[in-house]
Amino acid sequence: MLAPILYDFKRALLRPATLLALLLFVLGGAALSYLVYGTFINMYPQANLYAVAVASGNDTVAIHGIVYDAYGRPVDSATLKLVGGGDTVLAEIRVGGIFHVEVPLGKLKEASKIVVETGSGREEYRLLGPVSAIDKVGFMPLGAAGVSRSLAPGEGGVPEMEIAKLYFEAKMILVSMKSGESVLLIRAVNLTDPHSPPHVVLEYGFAEGGVVSGPREGETGSIHYRRLGVLDDYVAYYRIRVPGNASVLVIRYSGGNVSGEVSITYSFMIPVEAAYAGVVAGSTGISLFAQFFPIIFLYLANMLMAKPRGSGALEFILARPVTRWDIYVTRYSAGALIAVVAPLLFIAAMMATNKLLLGVTMNMDDALVLALGLMGAMTAFYTLSYMLAASIKPGRYLTVSILLYVVFALFWSAIALIVVMVLGAGYSALHDTTYAMAYFNPLGASSIASYLVQRDYGAVAEASTASPWLATLSTLLWITLCFTIGYFRFRSQD
Amino acid sequence: MAIEFRDVTKYFGKKRVLENVSFTVEKGEVVGYVGLNGAGKTTTIRIGVGVLRPSSGDVLVEGYSVVREKRRASMHIGWVPEYPIFEQDFKALDYFVYLAGYYGISGGEARRLGRRLLEEVGLGDALDKKLAEYSQGMKKRFALAVSMINEPENYFFDEVLNGLDPQGIAFFRDLVLRLKRKGCAILFSSHILSEVENLADRVVFIHRGRIVAVHTMDEIKGMAKPALRIKVGRIDEGLMETLKSLGEPERKGRIIVLRNPSRSPDEILRILVEKGYPVEAMAPVEPSLEEVFFRIIGERR
Ligand SMILES: Nc1ncnc2c1ncn2[C@@H]1O[C@H](COP(=O)(O)OP(=O)(O)O)[C@@H](O)[C@H]1O
Ligand SMILES: [Mg+2]
């Protein structure tokens, strides 16, 4: 036999409205994911081309390249389209990983853009300048630009005396500043003989900040170089880790009678991961949803407590073998369980959908912080609503709870602004004040969690008032106080 | 003792609605709980079934305190509220099954029980109707079915005949007698004494929150005074004086009700005729319980 108290809990939980609430969270997670995806791929496209075209005689051109995604990972299966005027597709080439294909020179000359398509993205590259350059120089880079060296004699930084023998270009994609995870793409052409691939040894090292144009030759003594590998193809792909205490990556190549280096200042880059987390945790991401989810809990407290109490139906149930405490607790727990589970579902749905869309998702630590913040916020707001539902005049419940919702979820930042103005603290104090005031808002845990995640990536300014411990404490206080006050008022009701 | 009210006092705010209410209902006994509207019957019953807390005092059902051992006590209680209220968007049978779950009866067993009991109370063709569409009488019947879910030994019926049609009233009487034979304790309230007349073994009278009397039905019937309805062509002071010496006359238009007559109807007729009053009609009146009721609670009608 199921104990009545468990039974009551089960019944409170398995209502269409509660199940619908869970579904809304899952849908919200998927929706957030699309939102994030849309914003994110504007910054970091999903389909990128890094290639070089080399005239290979007999009116054909060899294209050596790689198609990679937002995180710098090679895409196994992509399509390149040479598109001419009037959007006519001149050639369509299937490529994957690091690829080498031949196309008729005429087609490339006719083309005005290259379209790269992958399963999850599409990007266009205009072909700038006369393609006939390829006739003169023997090659031309295609797709995303990088940091190049030695394209032509006399280029800045290249001693006049040196006749360029190698075209060398590098591109770095900083995935994570935390772990230093990065992708390095190289393209190079042996200028003395474009038909054969270059053959050089690659090394890399790091320099402190402040070096803008890269250390000059002869000044590299302080840099400790590590071997990256032997470059014997037109295009190469490496995974490296960059340290947080340096800011410039220097790549050195040497072999035969060529040598040189390029440097990339990475400390100013926005890591892919940070861009992503910034969007997820930012004001158009989680916060947007955190603003509207409380309505669900306001409604749940109404359905579970205010409505049956107001109508008198609760009294008939109270005549069953249950106590007021049982009813108060079981109905509360049903809603609270939703408040705990729903954010998990929300984050999980968001992550799963993002995994599908982007192939990556946020790391578990961030996900946990955001989920905990949402859980705390939703539980605290639900407890506040439940307290009202169980204690104030039932006819007033909706008015009062909606008012509180508007204040806490919608107007809180405006109120923070007013507080700052009243205190005369000046606009600079707004940031700190906003987080200080979060503790006086049952939804505060969510904004502190968003802050913590964004701060980890440097996506938000430091606020001395934002503390995870205070947020936890205030949330627990909101929950226990509302729960207790609600119960004592519920218990002594007639 | 199956049901025992012990010194129950209840305040609503500052207003005292019940004052030291104490009485018992024995096993196999049907007790009527009678008082005017607003006397405190519903409040007493809500406290008895444990949905309202007494300000002081306690109620024991099968020896379990409804205050401190609510869960156990409730297992032995059936209740039909004066105005039953359910969650509106449920269908009757579904809600029955929902409520049965609290007693550990679930699934097919609860549905079977629900069908049987709802059919028994005459709701057989309204099983799938939404409770929102139920009339007051149907709600009473539904609550009646629910009160029998776990075959409790103690019943609290609050103005249960109110809102029931004659069929329902007959059903309820049969039910009460059946429960009584099974040894159940039944407390049922009414603001009309004659409503409990045929069923109650004893009547507890409540007035303004206080128990003013407890009588067996036989005692009450004994208290009901006989009366004569007399229609006289001419009514004057002299006639009233004469009648006062023969009982308690009360003039009601052209009719006089003579309560508690001290002589037989024949003798009274003779005396009036001898005094020259034209008696047009004279008939005995059934003894009035309401009279007794008002006398007991000390109120004039
Ligand atoms: N919830 C309540 N709050 C305040 N007063 C109440 C409440 N319920 C009943 N009363 C008052 O208590 C008194 C007794 O009511 P009640 O028990 O319903 O009487 P009865 O059932 O005998 O008609 C009445 O004066 C009524 O107005
Ligand atoms: Mg009443």
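Each remark here, short or long, concerns the structure printed above.
Structure report, in brief.

Reading guide: rules and limits
Residues numbered from 1 in each chain as written. Chains lettered and ligands numbered in written order. Predicted model: local features only at pLDDT ≥ 70, side-chain atom pairs only at ≥ 80, totals over all residues. Heavy atoms only, no water. Helix = DSSP H or I, 4+ residues; strand = E, 2+ residues; numbered from the N terminus. Buried < 20%, exposed > 50% of the residue type's maximum accessible area, 1.4 Å probe, protein only. Near = heavy atom within 4 Å. Polar contact = N/O pair within 3.5 Å; in protein donor to acceptor, adjacent residues only side chain to side chain. Nonpolar A, V, L, I, M, F, W, Y, C, P; charged D, E, K, R; others polar. Contact = heavy atoms within 4.5 Å. Buried area = accessible area lost by both parts, 1.4 Å probe. Salt bridge = Lys/Arg side-chain N within 4 Å of Asp/Glu carboxyl O. Phe/Tyr/Trp six-rings, centres within 6.5 Å; stacked < 30°, edge-to-face > 60°. Lys NZ or Arg CZ within 6 Å of the ring centre and 35° of its normal.

1. A look at unusual backbone geometry
Residues and elements named next belong to chain B.
Logical step 1: The phi angle at Asn 20 is positive, at roughly 45°, despite the residue not being glycine.
Logical step 2: By the secondary structure assignment, Asn 20 is in strand S2 (residues 15-25).
Logical step 3: In this structure Asn 20 comes out as partly exposed when scored by relative accessible area, which is 45%.
Logical step 4: Not every positive phi belongs to a glycine, and Asn 260 is a case in point at roughly 55°.
Logical step 5: Tracing the backbone through its elements, the reader meets Asn 260 in the loop between strand S13 (255-259) and helix H10 (265-274).

2. Things to note about the site of ligand 1
All names here are of chain B.
Logical step 1: All residues adjacent to ligand 1 are Phe 12, Lys 15, Val 17, Leu 36, Asn 37, Gly 38, Ala 39, Gly 40, Lys 41, Thr 42 and Thr 43.
Logical step 2: The contact in question runs from an oxygen atom of ligand 1 to an N or O atom on the backbone of Gly 40, over 2.9 Å.
Logical step 3: At the level of elements, S2 and helix H1 (41-48) are the ones that each hand at least two residues to the shell around ligand 1.
Logical step 4: Top contributing element to the shell around ligand 1 by residue count: H1, with 3 residues.
Logical step 5: Tallied by class, the residues present in the shell around ligand 1 amount to 4 nonpolar, 5 polar and 2 charged.

3. A short note on the interface of chain B and chain A
Logical step 1: At the junction of the two partners, chain B supplies 28 residues and chain A supplies 26 residues.
Logical step 2: Across the chain B to chain A interface the summed buried area is about 2,600 Å²; carbon plus sulfur atoms make up 59%.
Logical step 3: For the chain B face of the interface with chain A, the top three residues by lost area are B:Arg71, B:Tyr98 and B:Tyr102, together amounting to 27%.
Logical step 4: At the boundary of chain B with chain A, the tally comes to 2 salt bridges.
Logical step 5: With a shortest N-O distance of 2.7 Å, B:Arg46 and A:Glu315 are connected by a salt bridge.
Logical step 6: At the surface where chain B touches chain A, the tally comes to 8 residue pairs in polar contact (both at pLDDT 80 or more).
Logical step 7: Looking at the side of chain B that touches chain A, the elements that each hand over two or more residues are strand S1 (3-12), helix H2 (70-74), helix H3 (92-101) and helix H5 (136-147) of chain B.
Logical step 8: With 5 residues, H3(B) is the largest single contributor of residues to the side of chain B that touches chain A.

4. Observations concerning the packing of aromatic side chains
Residues and elements named next belong to chain A.
Logical step 1: Enumeration according to the criterion identifies 47 aromatic pairs over all chains in this entry.
Logical step 2: If you follow Arg 187 out to its NZ or CZ, it ends over the ring of Tyr 50, 4.0 Å from the centre.
Logical step 3: Here the basic side chain of Arg 324 rests over the ring of Phe 490, its NZ or CZ set 5.3 Å away from the ring centre.

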